[in-house]
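Residue-level structure breakdown
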There are 2 protein chains.
Amino acid sequence: MKLSISEENHIKAIYHLQSSMERVGTKDLAARLKTKPASVTDMMKRLKIKRLIDYKPYYGFKLSAEGKRVALTIVRRHRLWEYFLVEKLQFDWDEVHELAEELEHVRSPLLIERLDTYLNRPKFDPHGDPIPDREGNFSQEDAVPLTILKANQKGKVSRITKNNKEVIDLIMLKHIRKGSRIEIKRIFTIDGSIELKVDNKYVEHISPLLAQNILIEHENGKK
Amino acid sequence: MKLSISEENHIKAIYHLQSSMERVGTKDLAARLKTKPASVTDMMKRLKIKRLIDYKPYYGFKLSAEGKRVALTIVRRHRLWEYFLVEKLQFDWDEVHELAEELEHVRSPLLIERLDTYLNRPKFDPHGDPIPDREGNFSQEDAVPLTILKANQKGKVSRITKNNKEVIDLIMLKHIRKGSRIEIKRIFTIDGSIELKVDNKYVEHISPLLAQNILIEHENGKK
DNA sequence: TTAATAATTTAGACAAACCTAATAATTATT
DNA sequence: AATAATTATTAGGTTTGTCTAAATTATTAA
Ligand SMILES: [Mn+2]
Ligand SMILES: [Mn+2]
Ligand SMILES: [Mn+2]
Ligand SMILES: [Mn+2]
């Protein structure tokens, strides 16, 4: 099925909103896409015809199985490009979203496959969000980067990604090591830096880059 | 000025057609873009309003100075992406055009600048076509890859790009060396291989990859 | 130099993707 | 339960980019 860029953007937005609400409403989707409720209704009718959503007028919508599959391929493309931009083109992690928002619409399974291989099949994007694989599955690793935790969440350090000397020195300095109990205090959106409490003892402030290299034992179950 | 994807495609197509005709006609442009003459006329009216072309009804059109500037940035994006796809993602040189046709429309000067840097500022794309720089200038080097020559054109070998042993062995085998006089006999579009006469003596058949590494002294003057 | 042919433009339609304003349905509040 | 507030849909438009068919202009050939 060939989808337009706008259709893809709508599908992806529904996917994201669904994680925090059972059915998505017209107003919320319009707000997220910076469009108007009337326009969303138009689009929902079309997506319903294409069987990508379950749409009950006045009662919101949710992705169909096929819609979810499509959403995951778009998310995959988006996050792989973000990873590429940061890892290869030296962009900062907070500069890449808008570009990925466009690059994600180049639909070529072969391109994405090659890009994935080239990047060494990364499991998380520069913001710490997981990158779905070709089949739409997320990493089964129970270790996730510290960056995906939100304020007030807790976790235990399971391992450090890079065995780079500087990284090691830094985490030592911050009293972090394998097994440390971490509690996120605050996330500064300006630079993505994180204030956290280590082993209920030390209050530390670390960069997002360092945080990406600290893997936390994943709480299996609902997110 | 913000241009749509379709507008960009039209501008670029005019640019290419202009190299073989003074003014471009409606029918030719329609054929190249796989659209209809009536649609081209519509678009030409709009591009005229945006002052990107000089359009005289019934007498064809040509790019304005500004139009040419725009065309060159699109060509630059196209060719840089092609280079990326071949050099980094292991695509074959004959598989990349369609993908670049889409990637070229991600308009971000910063992205293209970083990509260029990352790729080490290549001067020619995988087909041997020159990549314009940020200012729209082509390489001033008087050496161009053998691949940009057309059938029946002649040239003198100025140098070999890679000092790789295999490349050296191959060009020796084909009787090619610095100073050799080359005459292109035929280009096989299936694989891009080239039949040529060396020093008016040996008829040889070489791969496009090898041809890319053979630099020819450029005939300065009109193209 | 006129008639035939080819190229181009115009007229009129249509789908996609938006919009505003008006109307209707749902949900929350007294 | 009635009313108010919120949310969603419909009606009717607009712009972009395409199309087909008809009319017009330019070019070529008789
Ligand atoms: Mn997008
Ligand atoms: Mn991201
Ligand atoms: Mn190309
Ligand atoms: Mn294109």
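Our subject is the structure listed above.
Rules behind the numbers
Residues numbered from 1 in each chain as written. Chains lettered and ligands numbered in written order. Predicted model: local features only at pLDDT ≥ 70, side-chain atom pairs only at ≥ 80, totals over all residues. Heavy atoms only, no water. Helix = DSSP H or I, 4+ residues; strand = E, 2+ residues; numbered from the N terminus. Rg over C-alpha atoms; globule rule 2.2 N^0.38 Å. Buried < 20%, exposed > 50% of the residue type's maximum accessible area, 1.4 Å probe, protein only. Near = heavy atom within 4 Å. Polar contact = N/O pair within 3.5 Å; in protein donor to acceptor, adjacent residues only side chain to side chain. Nonpolar A, V, L, I, M, F, W, Y, C, P; charged D, E, K, R; others polar. Pairing = 2+ DSSP bridges. Axes fitted to C-alpha atoms, helices over the stretch in contact; angles between N-to-C directions. Donors = N, O, S within 2.8 Å, 3.2 Å for Na, K, Ca; no water. Patch = residues over 30% accessible without salt bridge, like charges linked within 9 Å, V, L, I, M, F, W, Y side chains within 5 Å. Areas by Shrake-Rupley, 256 points an atom, 1.4 Å probe, with all protein chains shown as cover. Salt bridge = Lys/Arg side-chain N within 4 Å of Asp/Glu carboxyl O. Lys, Arg positive; Asp, Glu negative; His and termini not counted. Charge placed at Lys NZ, Arg CZ, Asp CG, Glu CD. Left-handed = near helix turned anticlockwise from the far one by under 90°. Contact = heavy atoms within 4.5 Å. Core = buried A, V, L, I, M, F, W, Y, C linked by side-chain atoms within 4.5 Å. Parallel < 35°, antiparallel > 145°, perpendicular 65-115°, else oblique.

Some words on the overall build of chain A
Looking only at helices and strands, chain A has eight helices and eight strands in total. Relative to the compact-globule value of 17 Å for 223 residues, chain A shows a C-alpha radius of gyration of 19 Å, a close match. Overall, the C-alpha framework of chain A stretches about 55 × 35 × 30 Å when taken along its three principal axes. Put simply, chain A has 223 residues, and 46% of those count as buried.

Observations concerning the protein's contact with DNA strand C
The local shell around DNA strand C holds 21 residues, among which Ser4, Ser39 and Arg46 of chain A together with Lys27 and Tyr55 of chain B are the closest. Here Lys27 of chain B contributes a backbone N or O atom positioned 2.7 Å from a phosphate oxygen of DNA strand C. In the environment of DNA strand C, a phosphate oxygen lies 2.9 Å from a nitrogen or oxygen atom belonging to the side chain of Lys45 of chain B. Its residues placed into classes, the surface near DNA strand C shows eight nonpolar, eight polar and five charged.

Focus: the pairing of strand 4 (residues 154–160) of chain A
Residues and elements named next belong to chain A. Where strand 4 meets strand 5 (residues 181–188), three bridges bridge the pair, whose relative direction is antiparallel. Paired with Lys154 across the strands is Glu183, a residue of strand 5. The pairing of strand 4 with strand 8 (residues 214–217) spans three bridges and is antiparallel. Bridging from a neighbouring strand, Arg159 pairs with Leu215 of strand 8.

Some thoughts on the sheet that holds strand 7 (residues 202–206) of chain A
All names here are of chain A. Strands sit in the order 3-8-4-5-6-7 across an open sheet of six strands; the sheet is antiparallel. The open sheet is flanked by strand 3 (143–145) and strand 7, the only strands paired with a single partner. With direction set aside, neighbouring strand axes in the sheet form an average angle of 45°.

Focus on the coordination of the manganese ion (ligand 3)
Within the protein, His78 of chain B (NE2), Glu82 of chain B (OE) and His97 of chain B (ND1) serve as the donor atoms for the manganese ion (ligand 3), at 2.1 to 2.3 Å. The class of His78 of chain B is buried, set by a relative accessible area of 6%.

What about the protein's contact with DNA strand D?
In the region of DNA strand D, 21 residues are neighbours, and Tyr55 of chain A together with Ser4, Ser39, Asp42 and Arg46 of chain B sit closest. Atoms of DNA strand D within 4 Å of the protein belong to the sugar or the phosphate in 76% of instances, the rest to bases. Within the contact set of DNA strand D, a phosphate oxygen lies 2.4 Å away from a side-chain nitrogen or oxygen of Ser4 of chain B. Residue Ser6 of chain B places a side-chain N or O atom 2.8 Å away from a phosphate oxygen belonging to DNA strand D. Elements with a minimum of two residues in the surface near DNA strand D: helix 2 (26–32) and helix 3 (37–49) of chain A together with helix 1 (5–18) and helix 3 (37–49) of chain B. In terms of residue class, the surface near DNA strand D is built from eight nonpolar, eight polar and five charged.

Structural notes on unusual backbone geometry
Residue and element names in this part refer to chain A. Not every positive phi belongs to a glycine, and Lys34 is a case in point at roughly 50°. One can find Lys34 in the loop between helix 2 and helix 3. Judged by relative accessible area, Lys34 falls into the exposed class, the value being 81%.

Some details on a negative patch on the surface
Judged by side-chain charge, Asp92, Asp94, Glu95 and Asp191 of chain A come together as a negatively charged surface patch. Secondary-structure assignment places Asp94 of chain A in the loop between helix 4 (65–87) and helix 5 (97–103).

Overview of the sheet that holds strand 5 (residues 181–188) of chain B
What holds strands together in a sheet is hydrogen bonding between their backbones, with the strands either parallel or antiparallel. Residue and element names in this part refer to chain B. One open sheet holds the six strands; their spatial order is 3-8-4-5-6-7, and the pairing between them is antiparallel. Edge positions in the open sheet fall to strand 3 (143–145) and strand 7 (202–206), since each of these has one partner strand only. Across the sheet, the axes of successive neighbouring strands diverge by a mean angle of 45°, strand direction being ignored. Sheet topology places strand 6 (residues 193–198) next to strand 7; five bridges connect them, and they run antiparallel. What sits directly across from Ile194, in strand 7, is Ile206.

Things to note about the environment of Ala71 of chain B
Within the element layout of this structure, Ala71 of chain B appears in helix 4 (residues 65–87). Residues Ala71 of chain B and Leu111 of chain B lie 40 residues apart in sequence; the distance between their C-alpha atoms is 18 Å.

Focus: the packing of helix 1 of chain B against helix 2 (residues 26–33) of chain B
Residue and element names in this part refer to chain B. Axis separation between helix 1 and helix 2 bottoms out at 10 Å; the angle between their running directions is 115°. Judged by the twist between their axes, the crossing of helix 1 over helix 2 is right-handed. In this structure, helix 1 uses Asn9, His10, Ala13, Ile14, His16 and Leu17 to contact helix 2, whose residues at the interface are Asp28, Leu29, Arg32 and Leu33. Residues that form the contact of helix 1 with helix 2 fall into these classes: five nonpolar, three polar and two charged.

Here we look at the nonpolar core
Ranked by size, the top nonpolar core spans 35 residues in total, and within it Trp81, Phe84 and Leu85 of chain A together with Trp81, Phe84, Leu85 and Leu115 of chain B carry the most contacts. Taken together, the elements giving at least two residues each to this core come down to helix 4, helix 5 and helix 6 (109–118) of chain A together with helix 4, helix 5 (97–103) and helix 6 (109–118) of chain B. Take this core: its biggest share by element is six residues, from helix 4 of chain A. The residues contacting Leu85 of chain B, other than those within four sequence positions of it, are Leu111 of chain A together with Gln90, Phe91, Val96, Leu99, Ala100 and Leu103 of chain B.

As for the packing of helix 1 of chain B against helix 3 of chain B
Residue and element names in this part refer to chain B. Running from N to C, helix 1 and helix 3 point in directions that differ by 95°, and their axes come no closer than 11 Å. One finds that helix 1 runs roughly perpendicular with respect to helix 3. Contacts between helix 1 and helix 3 involve Ser6, Glu7, His10, Ile11 and Ile14 on the former and, on the latter, Val40, Met43, Met44 and Leu47. Per-class residue counts for the contact of helix 1 with helix 3 are six nonpolar, two polar and one charged.

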